[in-house]
Structures are given as C-alpha cells and as structure tokens.
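Residue-level listing of the chains:
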Amino acid sequence: SQKIEQNSEALNIQEGKTATLTCNYTNYSPAYLQWYRQDPGRGPVFLLLIRENEKEKRKERLKVTFDTTLKQSLFHITASQPADSATYLCALRSDSNYQLIWGAGTKLIIKP
Amino acid sequence: GAVVSQHPSRVICKSGTSVKIECRSLDFQATTMFWYRQFPKQSLMLMATSNEGSKATYEQGVEKDKFLINHASLTLSTLTVTSAHPEDSSFYICSAPGQAQETQYFGPGTRLLVL
C-alpha cells in the first residue's frame, strides 16, 4: 500500500540555523509532492509543490528537493526563526481523483 | 489568495445530539470539497469527498449515515455528525482544491467535543 513517512519526533533547531525535514514514501510514483505548514488548532497552509521532473524548488527561505530514485523529499528552512515553529506535513497526490495522501507531520521547534 | 472558512470553530455538545459544520469557499467556487478528521499528533484522515450536485464519496470505514455531507452550492459544503458520541470528538477540517486542482486550501478547522 502507498505509505508516507515523516519523522515523528520533534526537531529542535537553534535560531539562525538551517532546519531540514524528511519525507519518505513507498509503493508510489507521485506526479508531484507538496509541503504544508500546520499551526496548533489550525488547518494546514500550502507552502510548496514540486513535480517529479523537478529536482529542487525554492521560495524565499524555503527549499524543497525531490529525489524520485530515493523516493524522498527534503524540506529546508534557512536562517530559521522562532516563528517557523510549527508542524510541517508532506503530501502526495494519490492515483485517484485530486486526493492527497498525507504524512503524519514533523513538529519543528526553533529555539531563540 | 483562495480563502476557505469553517463554522463553528469550536463546539461542545451532549452525546446523542447532532452537530452541523459549515465549510465555505469565500472567493472562489469549489465543485469539490474534502472533509478530514485529525486526532492529536496524527495525520489528516480523509473522511469523504463532497461533490456539488451529487452524492459524496466516503472513504472506507466512514459511516455515511453518521457523517452526512451536503454540497448545497458551489461555495458551501456541510458536514453533519449525527447522534454524536464522545469518540467522535476530534478536529474536523475541510479543504477545497485550487484552480489547478493540485494544491488544497484548508479551512481553519472545527474542534468538536462530545460530552
């Protein structure tokens, strides 16, 4: 079955450093992969989408890589700030209609 | 950008009552909306796909008679939790696909507590 794995343990990073989150998937060949941010008690907010033919995509301090051979995506936040603290979810489009398959998310804590 | 609202944001009800949650796309039309449930520290679980003008599509294991979905217009979908029980307590979130049908825009969620 299609499966997405994100590190369930919280990631603690010192302010100013680069935070790197991992998303691994199996039994799957997604056309694209997405990253969302979710704050406590709120719905997820879309951040970035990367397609299977793209190796890397950037948006301000965010960078996403997509390795279809390793079946892995890395999500980087450079010059991290305490305001970046949140849970980050990766999602892959399923083989069917518009549905997304979600990872459980990784909680990121940026310490001042 | 696309905005999705949900109402109420929080509801507390007694066991056996029904609760209606509204999901609205404020500045765009959505022929499809998704309803998710999320337990603490867990992933989003898709419950059903709401389709304007037709019946909702439910995921395996989700009782359609318990979670009634009505997509009344191109901007409104409602989820009614019927005869709610404490185990239905959860965070319910709706979303609508963006124009390119790739990304999803989420509502702020509804926290349901059934006593």
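An account of the accompanying structure is given in this report. Since the structure is predicted, the reported quantities are computational estimates derived from the model, not experimental observations.

A few words now on the overall build of chain A. In terms of regular secondary structure, chain A is built from zero helices and eleven strands. Listing each helix as α and each strand as β along chain A from the N terminus yields β-β-β-β-β-β-β-β-β-β-β. A compact globule built from 112 residues should have a C-alpha radius of gyration of about 13 Å, and chain A, at 13 Å, falls within 12% of that. The dimensions of chain A, computed from C-alpha atoms along their principal axes, are 40 × 30 × 20 Å. For chain A, the residues scored as buried account for 42% of the 112 residues in total.

A few words on the interface of chain B and chain A. Between chain B and chain A, the contact holds 19 residues from the first and 20 residues from the second. The tally of links between chain B and chain A comes to one salt bridge. Linking A:Arg51 and B:Glu102 is a salt bridge whose minimum nitrogen-to-oxygen distance equals 2.7 Å. The interface formed by chain B and chain A holds eight residue pairs in polar contact (both at pLDDT 80 or more) in total. Going through the elements one at a time, β4 (32-38), β5 (45-51), β9 (90-97) and β10 (104-106) of chain B are the ones with two or more residues in the side of chain B that touches chain A. At three residues, the largest contribution of residues to the side of chain B that touches chain A is made by β4(B). Tallied by class, residues from the side of chain B that touches chain A come to eight nonpolar, eight polar and three charged.

Side chains of B:Ile12, B:Leu113 and B:Leu115 sit close together on the surface and give an oily, nonpolar patch of about 300 Å² of accessible area. Structurally, B:Leu115 can be placed in the segment after β11 (110-114).

Counted by the stated rule, this structure contains eleven aromatic pairs over all chains. Aromatic pair A:Trp35 and A:Phe75: ring centres 4.9 Å apart, planes at 20 degrees, arrangement stacked. In this pair, A:Trp35 sits in strand β4 (residues 32-38) while A:Phe75 sits in strand β8 (residues 72-77), placing the two residues 40 residues apart along the sequence. Taken as a pair, A:Trp35 and A:Phe75 share a single burial class, namely buried. Look at A:Tyr36 and B:Phe106: their rings are 5.8 Å apart centre to centre, the planes differ by 85 degrees, and that puts the pair in the edge-to-face class. Of this pair, A:Tyr36 sits in strand β4 while B:Phe106 sits in strand β10, which puts the two residues in different chains. Summarising the burial analysis for this pair, A:Tyr36 and B:Phe106 share the class buried. Feature note: the residues A:Tyr36, A:Phe46, A:Trp102, B:Tyr36 and B:Phe106 constitute an aromatic cluster, connected by ring pairs. Seen from the ring of B:Phe67, B:Lys66 lies directly overhead, with NZ or CZ sitting 5.9 Å from the centre.

A separate point is the nonpolar core. If you look at the biggest cluster of nonpolar residues, it comprises 24 residues, and the most contacted ones within it are B:Trp35, B:Phe67, B:Leu79, B:Tyr92 and B:Leu112. At the level of secondary structure, the elements contributing two or more residues to this core comprise β2 (10-13), β3 (19-25), β4, β5, β7 (67-73), β8 (76-81), β9 and β11 of chain B. If near-sequence neighbours (up to four positions away) are discounted, B:Tyr92 is found in contact with B:Gln6, B:Ile21, B:Tyr36, B:Arg37, B:Met47, B:Phe67, B:Leu79, B:Gly109, B:Thr110 and B:Leu112. Formed by 23 residues, the second largest nonpolar core is a distinct cluster that contains A:Leu48, A:Ala86, A:Leu92 and A:Leu108.

So, on to the state of the cysteines. Joining two cysteines, a disulfide is a covalent bond between their sulfur atoms. Residue and element names in this part refer to chain B. Going through the model one piece at a time under the given rule, you end up with two disulfides over all chains. Disulfide pairing is shown between cysteine 23 and cysteine 94; the S-S distance is 2.0 Å. What sets the handedness of the cysteine 23 and cysteine 94 disulfide is the S-S torsion sign, and at about 85 degrees it is right-handed. Of this pair, cysteine 23 sits in strand β3 while cysteine 94 sits in strand β9, and the two are 71 residues apart along the sequence.

Calculation notes
- Residues numbered from 1 in each chain as written.
- Chains lettered and ligands numbered in written order.
- Predicted model: local features only at pLDDT ≥ 70, side-chain atom pairs only at ≥ 80, totals over all residues.
- Heavy atoms only, no water.
- Helix = DSSP H or I, 4+ residues; strand = E, 2+ residues; numbered from the N terminus.
- Rg over C-alpha atoms; globule rule 2.2 N^0.38 Å.
- Buried < 20%, exposed > 50% of the residue type's maximum accessible area, 1.4 Å probe, protein only.
- Contact = heavy atoms within 4.5 Å.
- Salt bridge = Lys/Arg side-chain N within 4 Å of Asp/Glu carboxyl O.
- Polar contact = N/O pair within 3.5 Å; in protein donor to acceptor, adjacent residues only side chain to side chain.
- Nonpolar A, V, L, I, M, F, W, Y, C, P; charged D, E, K, R; others polar.
- Patch = residues over 30% accessible without salt bridge, like charges linked within 9 Å, V, L, I, M, F, W, Y side chains within 5 Å.
- Areas by Shrake-Rupley, 256 points an atom, 1.4 Å probe, with all protein chains shown as cover.
- Phe/Tyr/Trp six-rings, centres within 6.5 Å; stacked < 30°, edge-to-face > 60°.
- Lys NZ or Arg CZ within 6 Å of the ring centre and 35° of its normal.
- Core = buried A, V, L, I, M, F, W, Y, C linked by side-chain atoms within 4.5 Å.
- Disulfide = S-S within 2.5 Å.

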